[in-house]
Amino acid sequence: TPAEARRSPAPPLNVCLVLDRSTSMKGEKMDVVKSTAIQVLRNLRPQDILSVVTFSDRAEVIIPAAYHQDRTRLEARIQMIQPSGATEIYQGLEAGAGEVMRSIDAKRLNHIILLTDGQTYGDEQQCLELASNLGKRGVGISAMGIGMEWNDIFLDVLATRTGGSSAFIAEPQDIKKLLLEKFNSLAQVYAEEVN
């Protein structure tokens, strides 16, 4: 149809998954997060750039921002993530921002997906300042809170500062559906907005 023809192809993604691996994530939550991250990796198109960062009270880049050919090796790196430590969201966001900024490009959809089940302590202001700066650079943040312990007001403000949104995930088994939906919607929404 003519309408189909007018829709621009979905832009390449430059997305970082910033995953909470604090002690409270152990068990089902971490298992689902890992299998979802692997699914995201498998769904990538050749032109997409993905990075994966985990954080507790420090952050670690599990998969640096790049085009990914050798995915089996990367899947093994995701499988090895172990929960431990406290929740300091700024550590994760800062590392995630670093990965996204390495490949930032106006032709890409530059985005951070933050997944956490806890409240961060003492670094909210730093997080919000970082979000404001990212928003100015055209990087969006989608924040997803799992369970009942996270700070919904904070995550909402954090995401909104970049034009992103926050979502509530009630049960660990819902993580996969919501995260994959978010990932898939990023490319599509943008393709429609361009026109």
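First, a word on what this report is: a plain description of the structure on this page.

Helix length check: helix α4 (residues 89-102), at 14 residues, gives a terminal C-alpha distance of 20 Å against a target of 20 Å (1.5 Å per residue), a fit within 8%. Listing the buried residues of α4 in full gives I89, Y90, G92, L93, A95, G96, A97, E99 and V100.

Two elements in contact, α4 and helix α5 (residues 124-136), have axes separated by 9 Å at closest approach and are oriented at 20 degrees. On the basis of their axis angle, the class for α4 and α5 is roughly parallel. The chirality of how α4 crosses α5 is left-handed. Only Q126, C127, L130 and L134 of α5 make contact with α4, whose side of the interface consists of I89, Y90, L93, E94, A97 and M101. For the contact of α4 with α5, a count of residues per class yields eight nonpolar, one polar and one charged.

What follows is about the packing of α5 against helix α6 (residues 152-160). Packing of α5 against α6 brings their axes to within 8 Å, and their N-to-C directions diverge by 25 degrees. Taken together, the axes of α5 and α6 lie roughly parallel to each other. When you trace α5 past α6, the crossing you get is right-handed. Packed against α5, whose contacting residues are E124, C127, L128 and A131, the element α6 presents F154, V157 and L158 at the interface. Taken together, the residues that form the contact of α5 with α6 break down as six nonpolar, no polar and one charged.

With that out of the way, let us pick up the nonpolar core. Grouped together as the largest cluster of nonpolar side chains are 32 residues, with contacts concentrated most on L17, L50, L115 and F183. Elements with a contribution of two residues or more to this core: β1 (13-20), α2 (28-43), β2 (49-55), β3 (59-66), α3 (71-79), β4 (109-116), β5 (140-146) and α7 (175-193). Ignoring anything within four residues of it in the chain, the contact list for L50 reads V15, L17, V40, L41, L44, I63, P64, A65, A66, H68 and F183. Counting 25 residues, the second-largest nonpolar core is a separate cluster that includes V18, L114, V139 and A159.

Calculation criteria
- Residues numbered from 1 in each chain as written.
- Predicted model: local features only at pLDDT ≥ 70, side-chain atom pairs only at ≥ 80, totals over all residues.
- Heavy atoms only, no water.
- Helix = DSSP H or I, 4+ residues; strand = E, 2+ residues; numbered from the N terminus.
- Expected span 1.5 Å × (residues − 1).
- Buried < 20%, exposed > 50% of the residue type's maximum accessible area, 1.4 Å probe, protein only.
- Axes fitted to C-alpha atoms, helices over the stretch in contact; angles between N-to-C directions.
- Parallel < 35°, antiparallel > 145°, perpendicular 65-115°, else oblique.
- Left-handed = near helix turned anticlockwise from the far one by under 90°.
- Contact = heavy atoms within 4.5 Å.
- Nonpolar A, V, L, I, M, F, W, Y, C, P; charged D, E, K, R; others polar.
- Core = buried A, V, L, I, M, F, W, Y, C linked by side-chain atoms within 4.5 Å.

Purely spatial values, then, with no claim about function.
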